[in-house]
Amino acid sequence: MSAKITTQFGHAVPPAPRHSVTVHMPTWQNVERYGADAAFVIATFKNAYPRMKPHKDIADLAAAVLKHLGAENEGCFLFPSLQSAKECVEYSTSPRRDNGVDKKPVATDQIKIEAFTAKDHFFAVVFPLDKRSVVGGFWSTPGAGISSRFAEANLNHLDQLTETTVSEDETSRSSFESPAHELLRDRIVQYLERALLNPGFQPRPSTNDIYFYQTGMAAIYKPHSYMLKLYQGMTVLFGMAFMNTITAFEEFGSGYKFFGLGTDDDLHDLESFLQKERKYGRKVQAIWAEFPANPILVTPNITRLRALADEYDVVLAIDDTIGSWANIDITSMTDILVTSLTKSFNGYADVIAGSVVLNPASRKYHELKPLFDEYYVPELYIDDAEAIERNSRDYLPRTMKLNHNASSLVQYLKTCAEDPNSAVRAVHHPSVNPSGEHYRQFMRPATRDFTSGYGCLFSIELKDLPTTIAFYDNLNVHDGPHLGAPFTLAFAYTMCAYKNKLTWAAQYGLKPTQIRISAGLEDTATLLEDFRIAVEAANKIGSTGVP
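Criteria and cut-off values
Residues numbered from 1 in each chain as written. Predicted model: local features only at pLDDT ≥ 70, side-chain atom pairs only at ≥ 80, totals over all residues. Heavy atoms only, no water. Helix = DSSP H or I, 4+ residues; strand = E, 2+ residues; numbered from the N terminus. Rg over C-alpha atoms; globule rule 2.2 N^0.38 Å. Buried < 20%, exposed > 50% of the residue type's maximum accessible area, 1.4 Å probe, protein only. Salt bridge = Lys/Arg side-chain N within 4 Å of Asp/Glu carboxyl O. Pairing = 2+ DSSP bridges. Axes fitted to C-alpha atoms, helices over the stretch in contact; angles between N-to-C directions. Contact = heavy atoms within 4.5 Å. Parallel < 35°, antiparallel > 145°, perpendicular 65-115°, else oblique. Left-handed = near helix turned anticlockwise from the far one by under 90°. Core = buried A, V, L, I, M, F, W, Y, C linked by side-chain atoms within 4.5 Å. Expected span 1.5 Å × (residues − 1).

**Brief notes about the overall build of the protein**
Moving on, step 1. Helix and strand counts for the protein come out as 19 helices and 16 strands.
Moving on, step 2. In terms of overall size, the protein behaves like a compact globule, its C-alpha atoms giving a radius of gyration of 23 Å where 547 residues would be expected to give roughly 24 Å.
Moving on, step 3. Along the three orthogonal principal directions, the C-alpha set of the protein runs to about 70 × 50 × 50 Å.
Moving on, step 4. The buried share among the 547 residues of the protein stands at 60%.

Following this line, the structure appears as C-alpha coordinates:
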(Lines give C-alpha, C1' and ligand atoms only; values in the text may rest on other atoms or scores of the structure.)
Protein backbone atom coordinates (compact mmCIF):
# COMPACT_ATOMS: atom_id res chain seq x y z
CA MET A 1 0.00 0.00 0.00
CA SER A 2 1.27 3.49 -0.84
CA ALA A 3 1.78 6.20 1.77
CA LYS A 4 -1.44 7.76 2.97
CA ILE A 5 -2.51 10.77 0.91
CA THR A 6 -2.25 13.87 3.09
CA THR A 7 -2.80 16.64 0.51
CA GLN A 8 -5.44 19.06 1.72
CA PHE A 9 -8.68 19.76 -0.11
CA GLY A 10 -8.32 22.39 -2.82
CA HIS A 11 -4.53 22.21 -2.99
CA ALA A 12 -2.37 21.10 -5.92
CA VAL A 13 -1.21 17.51 -6.09
CA PRO A 14 2.45 17.16 -5.00
CA PRO A 15 5.06 18.06 -6.07
CA ALA A 16 2.80 21.07 -6.78
CA PRO A 17 5.14 23.38 -8.71
CA ARG A 18 4.18 27.02 -9.21
CA HIS A 19 2.30 26.28 -12.41
CA SER A 20 0.50 23.10 -11.33
CA VAL A 21 -2.79 22.47 -13.15
CA THR A 22 -4.23 19.98 -10.63
CA VAL A 23 -6.42 20.17 -7.55
CA HIS A 24 -7.10 17.53 -4.89
CA MET A 25 -10.78 17.05 -4.06
CA PRO A 26 -11.06 14.15 -1.57
CA THR A 27 -14.22 12.56 -0.09
CA TRP A 28 -17.56 11.92 -1.70
CA GLN A 29 -19.05 14.72 0.36
CA ASN A 30 -16.98 17.18 -1.68
CA VAL A 31 -18.04 15.46 -4.89
CA GLU A 32 -21.67 16.12 -3.95
CA ARG A 33 -20.87 19.74 -3.11
CA TYR A 34 -19.04 20.28 -6.38
CA GLY A 35 -21.81 18.73 -8.44
CA ALA A 36 -24.44 20.88 -6.76
CA ASP A 37 -22.56 24.20 -7.09
CA ALA A 38 -19.24 23.95 -8.91
CA ALA A 39 -18.62 27.70 -8.96
CA PHE A 40 -18.93 27.95 -5.18
CA VAL A 41 -16.53 25.06 -4.58
CA ILE A 42 -13.99 26.22 -7.19
CA ALA A 43 -13.88 29.61 -5.45
CA THR A 44 -12.51 27.84 -2.36
CA PHE A 45 -9.67 26.09 -4.22
CA LYS A 46 -6.13 27.22 -3.48
CA ASN A 47 -5.05 25.81 -6.85
CA ALA A 48 -7.07 24.79 -9.90
CA TYR A 49 -6.92 24.12 -13.60
CA PRO A 50 -6.41 27.67 -14.95
CA ARG A 51 -9.59 27.61 -17.05
CA MET A 52 -11.60 26.74 -13.93
CA LYS A 53 -10.13 29.57 -11.91
CA PRO A 54 -7.41 32.02 -12.97
CA HIS A 55 -4.02 31.13 -11.51
CA LYS A 56 -2.80 33.43 -8.73
CA ASP A 57 -0.23 35.01 -11.04
CA ILE A 58 -2.94 35.76 -13.59
CA ALA A 59 -5.18 37.23 -10.88
CA ASP A 60 -2.29 39.37 -9.60
CA LEU A 61 -1.51 40.72 -13.07
CA ALA A 62 -5.20 41.50 -13.62
CA ALA A 63 -5.29 43.34 -10.29
CA ALA A 64 -2.25 45.38 -11.32
CA VAL A 65 -3.98 46.33 -14.57
CA LEU A 66 -7.13 47.43 -12.73
CA LYS A 67 -5.06 49.45 -10.26
CA HIS A 68 -3.27 51.14 -13.17
CA LEU A 69 -6.68 52.03 -14.64
CA GLY A 70 -8.04 53.18 -11.28
CA ALA A 71 -10.77 50.56 -11.65
CA GLU A 72 -10.18 48.27 -8.67
CA ASN A 73 -13.93 47.69 -8.29
CA GLU A 74 -14.33 46.26 -11.79
CA GLY A 75 -13.62 42.85 -13.29
CA CYS A 76 -10.88 41.98 -15.73
CA PHE A 77 -9.71 39.06 -17.88
CA LEU A 78 -6.42 39.10 -19.76
CA PHE A 79 -5.70 37.83 -23.27
CA PRO A 80 -2.54 37.42 -25.34
CA SER A 81 -4.11 38.69 -28.58
CA LEU A 82 -6.59 41.31 -29.69
CA GLN A 83 -8.44 38.56 -31.56
CA SER A 84 -9.23 36.68 -28.34
CA ALA A 85 -10.10 39.87 -26.46
CA LYS A 86 -12.59 40.86 -29.17
CA GLU A 87 -14.10 37.38 -29.14
CA CYS A 88 -14.54 37.68 -25.36
CA VAL A 89 -16.43 40.97 -25.81
CA GLU A 90 -18.57 39.52 -28.58
CA TYR A 91 -19.42 36.51 -26.40
CA SER A 92 -20.21 38.62 -23.33
CA THR A 93 -22.52 41.04 -25.15
CA SER A 94 -24.35 38.39 -27.19
CA PRO A 95 -28.10 37.99 -26.54
CA ARG A 96 -27.31 34.27 -26.16
CA ARG A 97 -25.89 35.04 -22.70
CA ASP A 98 -29.46 35.61 -21.45
CA ASN A 99 -30.34 32.35 -19.72
CA GLY A 100 -33.73 33.62 -18.59
CA VAL A 101 -32.83 33.08 -14.93
CA ASP A 102 -29.79 34.76 -13.45
CA LYS A 103 -27.59 35.87 -16.35
CA LYS A 104 -27.93 38.70 -18.84
CA PRO A 105 -25.51 39.87 -21.53
CA VAL A 106 -23.17 42.73 -20.72
CA ALA A 107 -24.24 46.06 -22.21
CA THR A 108 -21.85 47.10 -24.97
CA ASP A 109 -21.07 50.38 -23.22
CA GLN A 110 -20.09 48.53 -20.03
CA ILE A 111 -17.29 46.39 -21.44
CA LYS A 112 -14.10 47.54 -23.10
CA ILE A 113 -10.68 46.41 -24.27
CA GLU A 114 -7.51 48.03 -22.95
CA ALA A 115 -4.03 47.30 -24.29
CA PHE A 116 -0.92 47.04 -22.12
CA THR A 117 2.77 46.33 -22.32
CA ALA A 118 5.03 45.11 -19.53
CA LYS A 119 7.47 42.44 -20.66
CA ASP A 120 4.98 41.53 -23.40
CA HIS A 121 2.01 43.10 -25.13
CA PHE A 122 -1.40 41.93 -23.89
CA PHE A 123 -5.07 42.93 -23.74
CA ALA A 124 -7.46 43.42 -20.83
CA VAL A 125 -11.23 43.03 -21.11
CA VAL A 126 -12.70 45.22 -18.36
CA PHE A 127 -16.32 44.98 -17.21
CA PRO A 128 -18.60 45.52 -14.19
CA LEU A 129 -17.69 43.14 -11.39
CA ASP A 130 -21.27 41.87 -11.11
CA LYS A 131 -20.96 40.55 -14.69
CA ARG A 132 -18.00 38.30 -13.89
CA SER A 133 -20.05 35.09 -14.08
CA VAL A 134 -21.17 36.06 -17.61
CA VAL A 135 -17.78 37.11 -18.98
CA GLY A 136 -16.14 34.24 -17.10
CA GLY A 137 -17.88 31.78 -19.42
CA PHE A 138 -15.51 32.86 -22.16
CA TRP A 139 -12.50 32.39 -19.91
CA SER A 140 -13.51 28.87 -18.86
CA THR A 141 -14.84 27.34 -22.08
CA PRO A 142 -12.68 28.51 -25.03
CA GLY A 143 -9.60 28.77 -22.82
CA ALA A 144 -8.16 31.65 -24.83
CA GLY A 145 -6.72 33.68 -21.96
CA ILE A 146 -3.10 34.25 -20.96
CA SER A 147 -1.19 31.47 -19.22
CA SER A 148 0.24 31.53 -15.71
CA ARG A 149 3.78 31.63 -17.11
CA PHE A 150 2.85 34.65 -19.23
CA ALA A 151 1.51 36.31 -16.08
CA GLU A 152 4.60 35.42 -14.04
CA ALA A 153 6.94 36.84 -16.68
CA ASN A 154 5.01 40.10 -16.85
CA LEU A 155 4.61 40.44 -13.09
CA ASN A 156 8.40 40.54 -12.98
CA HIS A 157 8.25 43.68 -15.16
CA LEU A 158 5.40 45.56 -13.48
CA ASP A 159 7.62 48.63 -13.24
CA GLN A 160 7.33 48.77 -17.04
CA LEU A 161 3.53 48.36 -17.16
CA THR A 162 2.26 50.85 -19.71
CA GLU A 163 -1.12 51.40 -21.30
CA THR A 164 -0.90 51.41 -25.08
CA THR A 165 -3.21 51.97 -28.03
CA VAL A 166 -5.52 49.12 -28.94
CA SER A 167 -4.39 48.26 -32.45
CA GLU A 168 -5.05 45.64 -35.05
CA ASP A 169 -1.33 45.57 -35.82
CA GLU A 170 0.03 42.48 -34.07
CA THR A 171 2.90 41.73 -36.41
CA SER A 172 5.40 41.26 -33.57
CA ARG A 173 4.66 37.90 -31.95
CA SER A 174 8.20 36.95 -30.95
CA SER A 175 7.03 35.63 -27.56
CA PHE A 176 4.67 33.25 -29.35
CA GLU A 177 6.86 32.07 -32.22
CA SER A 178 10.36 31.00 -31.16
CA PRO A 179 12.98 28.29 -31.61
CA ALA A 180 11.21 26.33 -28.84
CA HIS A 181 8.00 26.35 -30.88
CA GLU A 182 9.86 25.07 -33.93
CA LEU A 183 11.59 22.39 -31.90
CA LEU A 184 8.20 21.25 -30.64
CA ARG A 185 6.83 21.16 -34.17
CA ASP A 186 9.79 19.06 -35.29
CA ARG A 187 9.23 16.67 -32.39
CA ILE A 188 5.52 16.32 -33.13
CA VAL A 189 6.26 15.51 -36.78
CA GLN A 190 8.73 12.85 -35.61
CA TYR A 191 6.08 11.24 -33.42
CA LEU A 192 3.49 11.40 -36.20
CA GLU A 193 6.00 9.71 -38.52
CA ARG A 194 7.04 7.02 -36.03
CA ALA A 195 5.88 3.41 -36.64
CA LEU A 196 3.45 4.28 -39.42
CA LEU A 197 0.60 1.95 -40.29
CA ASN A 198 0.79 2.98 -43.92
CA PRO A 199 4.28 4.30 -44.73
CA GLY A 200 3.31 4.89 -48.34
CA PHE A 201 0.57 7.34 -47.45
CA GLN A 202 1.50 10.77 -48.85
CA PRO A 203 1.73 13.66 -48.40
CA ARG A 204 2.45 13.69 -44.67
CA PRO A 205 2.11 16.70 -42.33
CA SER A 206 5.09 19.04 -42.07
CA THR A 207 5.92 21.59 -39.40
CA ASN A 208 3.97 24.16 -41.46
CA ASP A 209 0.81 22.16 -40.80
CA ILE A 210 1.08 22.39 -36.99
CA TYR A 211 -0.65 25.17 -35.05
CA PHE A 212 -0.28 25.82 -31.33
CA TYR A 213 -2.85 27.17 -28.87
CA GLN A 214 -2.66 28.13 -25.23
CA THR A 215 -5.05 25.37 -24.10
CA GLY A 216 -6.53 22.14 -25.42
CA MET A 217 -9.96 23.78 -25.51
CA ALA A 218 -8.61 26.71 -27.52
CA ALA A 219 -7.36 24.11 -30.04
CA ILE A 220 -11.02 23.13 -30.47
CA TYR A 221 -12.68 26.53 -30.16
CA LYS A 222 -10.38 28.44 -32.50
CA PRO A 223 -10.61 26.06 -35.53
CA HIS A 224 -14.37 25.87 -34.89
CA SER A 225 -14.51 29.67 -35.08
CA TYR A 226 -12.41 29.73 -38.26
CA MET A 227 -14.74 27.26 -39.97
CA LEU A 228 -17.78 29.30 -38.97
CA LYS A 229 -16.32 32.20 -40.95
CA LEU A 230 -15.99 30.02 -44.07
CA TYR A 231 -18.87 27.57 -43.91
CA GLN A 232 -21.37 29.17 -41.49
CA GLY A 233 -22.81 25.71 -40.97
CA MET A 234 -23.95 23.32 -38.29
CA THR A 235 -21.52 21.21 -36.28
CA VAL A 236 -21.86 17.51 -35.42
CA LEU A 237 -20.39 16.04 -32.25
CA PHE A 238 -20.19 12.27 -32.60
CA GLY A 239 -19.86 10.32 -29.37
CA MET A 240 -19.46 11.61 -25.84
CA ALA A 241 -16.80 14.27 -25.31
CA PHE A 242 -15.17 16.31 -22.60
CA MET A 243 -17.82 18.51 -20.96
CA ASN A 244 -16.36 21.83 -22.16
CA THR A 245 -16.30 20.61 -25.77
CA ILE A 246 -20.05 20.09 -25.58
CA THR A 247 -20.48 23.54 -24.04
CA ALA A 248 -18.35 25.15 -26.76
CA PHE A 249 -20.54 23.79 -29.54
CA GLU A 250 -23.68 24.79 -27.63
CA GLU A 251 -22.51 28.37 -27.14
CA PHE A 252 -20.66 29.16 -30.36
CA GLY A 253 -21.96 28.80 -33.88
CA SER A 254 -25.22 28.27 -35.68
CA GLY A 255 -26.20 25.04 -33.97
CA TYR A 256 -24.91 21.56 -33.34
CA LYS A 257 -26.20 18.01 -33.43
CA PHE A 258 -25.10 15.54 -30.77
CA PHE A 259 -24.85 11.78 -31.30
CA GLY A 260 -23.68 11.04 -27.78
CA LEU A 261 -23.36 7.24 -27.75
CA GLY A 262 -20.99 7.02 -30.71
CA THR A 263 -22.34 3.58 -31.65
CA ASP A 264 -23.15 1.94 -34.98
CA ASP A 265 -26.78 2.97 -34.46
CA ASP A 266 -25.60 6.55 -34.04
CA LEU A 267 -23.69 6.19 -37.31
CA HIS A 268 -26.92 5.21 -39.04
CA ASP A 269 -28.69 8.20 -37.49
CA LEU A 270 -25.80 10.47 -38.48
CA GLU A 271 -26.06 9.37 -42.09
CA SER A 272 -29.80 10.04 -42.07
CA PHE A 273 -29.17 13.47 -40.58
CA LEU A 274 -26.55 14.32 -43.21
CA GLN A 275 -28.90 13.18 -45.99
CA LYS A 276 -31.67 15.40 -44.62
CA GLU A 277 -29.43 18.45 -44.25
CA ARG A 278 -28.17 18.06 -47.81
CA LYS A 279 -31.70 17.60 -49.13
CA TYR A 280 -32.76 20.92 -47.61
CA GLY A 281 -29.59 22.73 -48.64
CA ARG A 282 -28.27 23.23 -45.12
CA LYS A 283 -24.52 23.15 -44.61
CA VAL A 284 -22.91 20.81 -42.09
CA GLN A 285 -19.40 22.16 -41.64
CA ALA A 286 -17.71 19.57 -39.44
CA ILE A 287 -17.98 16.27 -37.60
CA TRP A 288 -16.01 16.20 -34.34
CA ALA A 289 -15.18 13.10 -32.32
CA GLU A 290 -12.82 11.94 -29.60
CA PHE A 291 -10.71 8.82 -30.17
CA PRO A 292 -11.52 7.28 -27.72
CA ALA A 293 -14.21 9.29 -25.94
CA ASN A 294 -14.15 10.74 -22.45
CA PRO A 295 -15.08 9.34 -19.89
CA ILE A 296 -16.15 5.76 -20.74
CA LEU A 297 -13.73 5.30 -23.65
CA VAL A 298 -16.07 4.35 -26.47
CA THR A 299 -14.02 4.41 -29.68
CA PRO A 300 -15.85 5.66 -32.77
CA ASN A 301 -15.71 3.85 -36.08
CA ILE A 302 -13.42 6.40 -37.64
CA THR A 303 -13.33 4.57 -40.96
CA ARG A 304 -17.08 5.01 -41.34
CA LEU A 305 -16.91 8.61 -40.14
CA ARG A 306 -14.25 9.30 -42.79
CA ALA A 307 -16.46 7.82 -45.49
CA LEU A 308 -19.47 9.89 -44.40
CA ALA A 309 -17.37 13.07 -44.22
CA ASP A 310 -16.16 12.49 -47.77
CA GLU A 311 -19.60 11.63 -49.11
CA TYR A 312 -21.26 14.69 -47.62
CA ASP A 313 -18.37 17.14 -48.04
CA VAL A 314 -17.84 17.67 -44.31
CA VAL A 315 -14.64 18.33 -42.34
CA LEU A 316 -13.68 15.50 -39.97
CA ALA A 317 -11.94 16.74 -36.81
CA ILE A 318 -10.65 14.15 -34.35
CA ASP A 319 -9.38 14.74 -30.82
CA ASP A 320 -6.80 12.04 -30.13
CA THR A 321 -5.74 13.27 -26.67
CA ILE A 322 -6.66 10.08 -24.82
CA GLY A 323 -5.27 7.66 -27.39
CA SER A 324 -2.19 9.84 -27.93
CA TRP A 325 0.28 9.96 -30.84
CA ALA A 326 2.56 7.33 -29.32
CA ASN A 327 -0.18 4.69 -29.40
CA ILE A 328 -2.32 5.42 -32.45
CA ASP A 329 -1.81 6.53 -36.04
CA ILE A 330 -4.99 8.24 -37.25
CA THR A 331 -3.66 11.35 -38.99
CA SER A 332 -4.51 9.99 -42.43
CA MET A 333 -8.17 9.58 -41.40
CA THR A 334 -8.59 13.20 -40.35
CA ASP A 335 -8.83 16.64 -41.85
CA ILE A 336 -8.01 18.22 -38.48
CA LEU A 337 -6.18 16.38 -35.69
CA VAL A 338 -6.58 18.05 -32.28
CA THR A 339 -4.51 17.21 -29.20
CA SER A 340 -4.41 18.62 -25.70
CA LEU A 341 -0.68 18.86 -25.10
CA THR A 342 -1.52 19.43 -21.42
CA LYS A 343 -2.11 15.73 -20.89
CA SER A 344 0.26 12.82 -21.55
CA PHE A 345 2.47 14.63 -24.08
CA ASN A 346 3.58 17.21 -21.51
CA GLY A 347 3.01 14.65 -18.78
CA TYR A 348 3.88 16.63 -15.65
CA ALA A 349 0.63 18.51 -14.90
CA ASP A 350 2.36 21.89 -14.99
CA VAL A 351 1.62 23.37 -18.45
CA ILE A 352 -1.53 23.89 -20.49
CA ALA A 353 -1.46 23.94 -24.30
CA GLY A 354 -3.05 22.44 -27.39
CA SER A 355 -2.14 21.67 -30.97
CA VAL A 356 -3.85 21.21 -34.32
CA VAL A 357 -2.36 19.24 -37.20
CA LEU A 358 -3.79 19.70 -40.68
CA ASN A 359 -3.62 16.66 -42.94
CA PRO A 360 -2.18 17.76 -46.33
CA ALA A 361 -3.57 14.61 -47.96
CA SER A 362 -7.18 15.45 -47.05
CA ARG A 363 -9.70 16.68 -49.56
CA LYS A 364 -10.34 19.69 -47.34
CA TYR A 365 -6.72 20.79 -47.04
CA HIS A 366 -7.01 23.32 -49.90
CA GLU A 367 -9.81 25.03 -47.94
CA LEU A 368 -8.48 24.63 -44.40
CA LYS A 369 -4.84 25.61 -44.93
CA PRO A 370 -5.55 29.14 -46.23
CA LEU A 371 -8.30 29.52 -43.62
CA PHE A 372 -5.92 28.72 -40.75
CA ASP A 373 -3.18 30.87 -42.23
CA GLU A 374 -5.59 33.82 -42.45
CA TYR A 375 -7.10 33.64 -38.97
CA TYR A 376 -4.52 31.89 -36.82
CA VAL A 377 -2.81 34.11 -34.25
CA PRO A 378 0.03 32.49 -32.27
CA GLU A 379 -0.88 32.57 -28.56
CA LEU A 380 1.19 29.80 -26.93
CA TYR A 381 3.69 31.69 -24.77
CA ILE A 382 7.39 31.00 -25.18
CA ASP A 383 7.90 29.95 -21.55
CA ASP A 384 5.10 27.37 -21.92
CA ALA A 385 6.56 26.07 -25.18
CA GLU A 386 9.96 25.70 -23.54
CA ALA A 387 8.45 23.81 -20.58
CA ILE A 388 6.56 21.42 -22.87
CA GLU A 389 9.71 20.84 -24.90
CA ARG A 390 11.62 19.84 -21.75
CA ASN A 391 8.81 17.70 -20.37
CA SER A 392 8.06 15.85 -23.61
CA ARG A 393 11.58 14.49 -23.99
CA ASP A 394 10.55 11.32 -22.13
CA TYR A 395 7.09 11.09 -23.76
CA LEU A 396 7.57 7.54 -25.11
CA PRO A 397 8.83 5.82 -21.92
CA ARG A 398 6.25 7.66 -19.81
CA THR A 399 3.46 6.66 -22.17
CA MET A 400 4.52 3.02 -22.06
CA LYS A 401 4.41 3.08 -18.24
CA LEU A 402 1.02 4.81 -18.24
CA ASN A 403 -0.29 2.19 -20.69
CA HIS A 404 1.05 -0.63 -18.52
CA ASN A 405 -0.38 0.65 -15.25
CA ALA A 406 -3.79 1.34 -16.75
CA SER A 407 -3.95 -2.08 -18.41
CA SER A 408 -2.85 -3.84 -15.21
CA LEU A 409 -5.58 -2.11 -13.21
CA VAL A 410 -8.17 -2.77 -15.91
CA GLN A 411 -7.37 -6.49 -15.96
CA TYR A 412 -7.67 -6.71 -12.18
CA LEU A 413 -10.98 -4.82 -12.16
CA LYS A 414 -12.30 -6.87 -15.07
CA THR A 415 -11.67 -10.01 -12.99
CA CYS A 416 -13.58 -8.38 -10.13
CA ALA A 417 -16.49 -7.53 -12.43
CA GLU A 418 -16.73 -11.17 -13.52
CA ASP A 419 -17.42 -12.16 -9.90
CA PRO A 420 -21.17 -11.81 -9.22
CA ASN A 421 -20.41 -11.13 -5.54
CA SER A 422 -18.16 -8.19 -6.29
CA ALA A 423 -19.29 -4.57 -5.98
CA VAL A 424 -17.47 -3.90 -9.26
CA ARG A 425 -19.94 -4.16 -12.12
CA ALA A 426 -17.88 -3.10 -15.14
CA VAL A 427 -14.69 -1.45 -16.30
CA HIS A 428 -14.61 0.79 -19.36
CA HIS A 429 -11.40 0.85 -21.40
CA PRO A 430 -10.58 0.33 -25.09
CA SER A 431 -8.96 -3.02 -24.25
CA VAL A 432 -12.27 -4.44 -22.98
CA ASN A 433 -14.97 -2.28 -24.59
CA PRO A 434 -16.73 -3.81 -27.64
CA SER A 435 -15.77 -0.69 -29.60
CA GLY A 436 -12.11 -1.43 -28.88
CA GLU A 437 -11.88 -3.11 -32.28
CA HIS A 438 -11.96 0.37 -33.82
CA TYR A 439 -9.06 1.42 -31.58
CA ARG A 440 -6.93 -1.66 -32.29
CA GLN A 441 -7.26 -1.05 -36.00
CA PHE A 442 -5.12 2.08 -35.64
CA MET A 443 -2.57 1.04 -33.02
CA ARG A 444 0.99 1.66 -34.16
CA PRO A 445 3.14 -1.47 -34.68
CA ALA A 446 5.62 -2.31 -31.94
CA THR A 447 9.17 -1.01 -32.24
CA ARG A 448 12.36 -1.79 -30.36
CA ASP A 449 11.76 1.03 -27.87
CA PHE A 450 7.96 1.16 -27.64
CA THR A 451 4.91 -1.11 -27.62
CA SER A 452 1.59 0.62 -28.24
CA GLY A 453 -1.16 0.47 -25.65
CA TYR A 454 -4.56 1.89 -24.82
CA GLY A 455 -3.67 5.03 -22.90
CA CYS A 456 -3.88 5.93 -19.23
CA LEU A 457 -7.63 6.50 -18.85
CA PHE A 458 -10.40 4.10 -17.81
CA SER A 459 -13.61 4.14 -15.76
CA ILE A 460 -14.76 1.72 -13.10
CA GLU A 461 -18.47 1.16 -12.52
CA LEU A 462 -19.77 0.07 -9.11
CA LYS A 463 -22.94 -1.72 -8.02
CA ASP A 464 -24.75 1.26 -6.48
CA LEU A 465 -24.11 4.61 -4.85
CA PRO A 466 -23.13 3.28 -1.38
CA THR A 467 -20.48 0.97 -2.87
CA THR A 468 -19.29 3.79 -5.15
CA ILE A 469 -18.84 6.08 -2.16
CA ALA A 470 -16.98 3.36 -0.24
CA PHE A 471 -14.66 2.72 -3.20
CA TYR A 472 -13.98 6.42 -3.76
CA ASP A 473 -13.38 7.27 -0.10
CA ASN A 474 -11.08 4.27 0.44
CA LEU A 475 -9.00 4.56 -2.74
CA ASN A 476 -5.65 5.97 -1.66
CA VAL A 477 -4.89 8.11 -4.71
CA HIS A 478 -5.40 11.80 -5.37
CA ASP A 479 -8.90 12.85 -6.43
CA GLY A 480 -9.59 15.40 -9.10
CA PRO A 481 -9.73 16.26 -12.82
CA HIS A 482 -6.84 15.89 -15.27
CA LEU A 483 -5.20 12.91 -16.99
CA GLY A 484 -1.78 11.86 -18.20
CA ALA A 485 -0.05 13.03 -15.02
CA PRO A 486 2.78 11.28 -13.13
CA PHE A 487 0.31 10.46 -10.35
CA THR A 488 -2.90 8.43 -10.48
CA LEU A 489 -6.08 10.49 -10.27
CA ALA A 490 -9.65 9.42 -9.47
CA PHE A 491 -12.48 11.66 -10.63
CA ALA A 492 -16.22 11.22 -10.07
CA TYR A 493 -16.81 12.57 -13.55
CA THR A 494 -20.56 12.14 -13.92
CA MET A 495 -21.41 13.40 -10.46
CA CYS A 496 -19.13 16.42 -10.77
CA ALA A 497 -20.12 17.36 -14.32
CA TYR A 498 -23.75 16.29 -14.49
CA LYS A 499 -25.17 15.92 -10.97
CA ASN A 500 -28.00 18.25 -11.95
CA LYS A 501 -28.48 16.49 -15.32
CA LEU A 502 -28.21 12.81 -14.39
CA THR A 503 -31.18 11.80 -16.54
CA TRP A 504 -29.61 13.49 -19.55
CA ALA A 505 -26.24 11.87 -18.85
CA ALA A 506 -27.77 8.41 -18.37
CA GLN A 507 -28.99 8.22 -21.97
CA TYR A 508 -25.33 8.34 -23.03
CA GLY A 509 -24.13 5.66 -20.65
CA LEU A 510 -22.83 7.99 -17.94
CA LYS A 511 -23.73 6.96 -14.40
CA PRO A 512 -23.11 8.39 -10.93
CA THR A 513 -21.67 4.99 -9.99
CA GLN A 514 -18.74 5.42 -12.39
CA ILE A 515 -15.34 6.72 -11.29
CA ARG A 516 -12.88 7.85 -13.94
CA ILE A 517 -9.27 6.84 -13.32
CA SER A 518 -6.14 8.30 -14.89
CA ALA A 519 -3.33 5.85 -14.16
CA GLY A 520 -0.01 7.39 -13.21
CA LEU A 521 3.62 6.30 -13.08
CA GLU A 522 3.59 4.70 -9.62
CA ASP A 523 4.82 1.20 -8.89
CA THR A 524 2.31 -1.19 -10.47
CA ALA A 525 2.12 -3.62 -7.55
CA THR A 526 1.51 -0.77 -5.12
CA LEU A 527 -1.28 0.62 -7.29
CA LEU A 528 -2.93 -2.80 -7.53
CA GLU A 529 -2.85 -3.11 -3.74
CA ASP A 530 -4.40 0.35 -3.32
CA PHE A 531 -7.22 -0.60 -5.69
CA ARG A 532 -7.70 -3.99 -4.00
CA ILE A 533 -8.22 -2.25 -0.65
CA ALA A 534 -10.80 0.12 -2.20
CA VAL A 535 -12.63 -2.75 -3.88
CA GLU A 536 -12.72 -4.71 -0.61
CA ALA A 537 -14.22 -1.67 1.14
CA ALA A 538 -16.89 -1.49 -1.55
CA ASN A 539 -17.51 -5.24 -1.31
CA LYS A 540 -17.99 -4.93 2.43
CA ILE A 541 -20.65 -2.25 1.98
CA GLY A 542 -22.24 -4.27 -0.81
CA SER A 543 -22.55 -7.37 1.36
CA THR A 544 -23.94 -5.59 4.43
CA GLY A 545 -25.82 -2.76 2.80
CA VAL A 546 -24.54 -0.51 5.58
CA PRO A 547 -22.25 2.46 4.90
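**Some details on the pattern of salt bridges**
Moving on, step 1. This structure, assessed with the given rule, holds 29 salt bridges.
Moving on, step 2. Residue D310 pairs with R306 through a salt bridge whose shortest N-O separation is 2.9 Å. A residue pair is termed a helical-turn pair when its members lie 3 or 4 positions apart in one helix, as D310 and R306 do in helix α11 (residues 302–311) at 4 residues.
Moving on, step 3. Classification of R306 by relative accessible area gives buried; the value is 12%.
Moving on, step 4. Between E389 and R393 there is a salt bridge; the shortest N-O distance is 2.8 Å.
Moving on, step 5. Taking the relative accessible area as the measure of exposure, R393 reaches 55% and is therefore exposed.
Moving on, step 6. By sharing partners, the salt bridges in this structure join K283, D313, K364 and E367 into a single network.

**Some details on the sheet that holds strand β4 (residues 162–164)**
Moving on, step 1. The sheet built from 4 strands is open, its strands ordered β1-β3-β2-β4 with antiparallel pairing. The strands lining the two open edges of the sheet, one partner per strand, are β1 (74–79) and β4. Shown here is a sheet whose adjacent strand axes are inclined to one another by a mean of 40°, direction ignored.
Moving on, step 2. Relative to β4, strand β2 (residues 112–117) runs antiparallel, the two being bridged by 3 bridges.

**Observations concerning the sheet that holds strand β5 (residues 210–213)**
Moving on, step 1. Spatially, the 7 strands line up as an open sheet ordered β5-β11-β10-β9-β8-β6-β7, and their pairing is mixed. The open sheet is flanked by β5 and β7 (256–259), the only strands paired with a single partner. Neighbour-to-neighbour, the strand axes of the sheet open up by a mean angle of 20°, direction not taken into account.
Moving on, step 2. As judged from the 5 bridges shared by strand β6 (residues 234–238) and strand β8 (residues 284–290), these two strands associate in the parallel manner. Within the sheet, the bridge partner assigned to V236 lies in β8 and is I287.
Moving on, step 3. Packing against the sheet, helix α10 (residues 264–279) makes contact with β6, β7 and β8, and its axis sits at approximately 170° to β6.

**Looking at the environment of A219**
Moving on, step 1. Among the secondary structure elements, A219 is positioned in helix α8 (residues 218–230).
Moving on, step 2. Residue class for A219 comes out buried when judged on its relative accessible area of 0%.
Moving on, step 3. Distance in space between the C-alpha atoms of A219 and L341 is 9.8 Å, their sequence separation being 122 residues.
Moving on, step 4. In contact with A219, not counting residues within four places along its chain, are Y213, V338, G354, S355 and V356.

**Quick word on the packing of helix α7 (residues 179–193) against helix α13 (residues 382–391)**
Moving on, step 1. The N-to-C vectors of α7 and α13 enclose an angle of 40°; their axes lie 8 Å apart at closest approach. Classed by the angle they form, the pair α7 and α13 counts as oblique. When the axes of α7 and α13 are compared, the crossing they make is left-handed. Residues A180, H181, L183, L184 and R187 of α7 pack against I382, A385, E386, I388 and E389 of α13.

**Structural notes on the nonpolar core**
Nonpolar side chains in soluble globular proteins tend to end up buried together.
Moving on, step 1. Within the largest apolar cluster, 121 residues are counted, with the highest numbers of intra-cluster contacts made by I336 and F471.
Moving on, step 2. Residues within four places of F471 in sequence aside, it is in contact with I460, L462, I515, F531, A534, V535 and A538.

**Quick notes on α7**
Moving on, step 1. Helix length check: α7 (15 residues) gives 21 Å between terminal C-alpha atoms against 21 Å at 1.5 Å per residue, within 8%.
Moving on, step 2. A180, H181, L184, R185, R187, I188, V189, Y191 and L192 are the residues of α7 that are buried.

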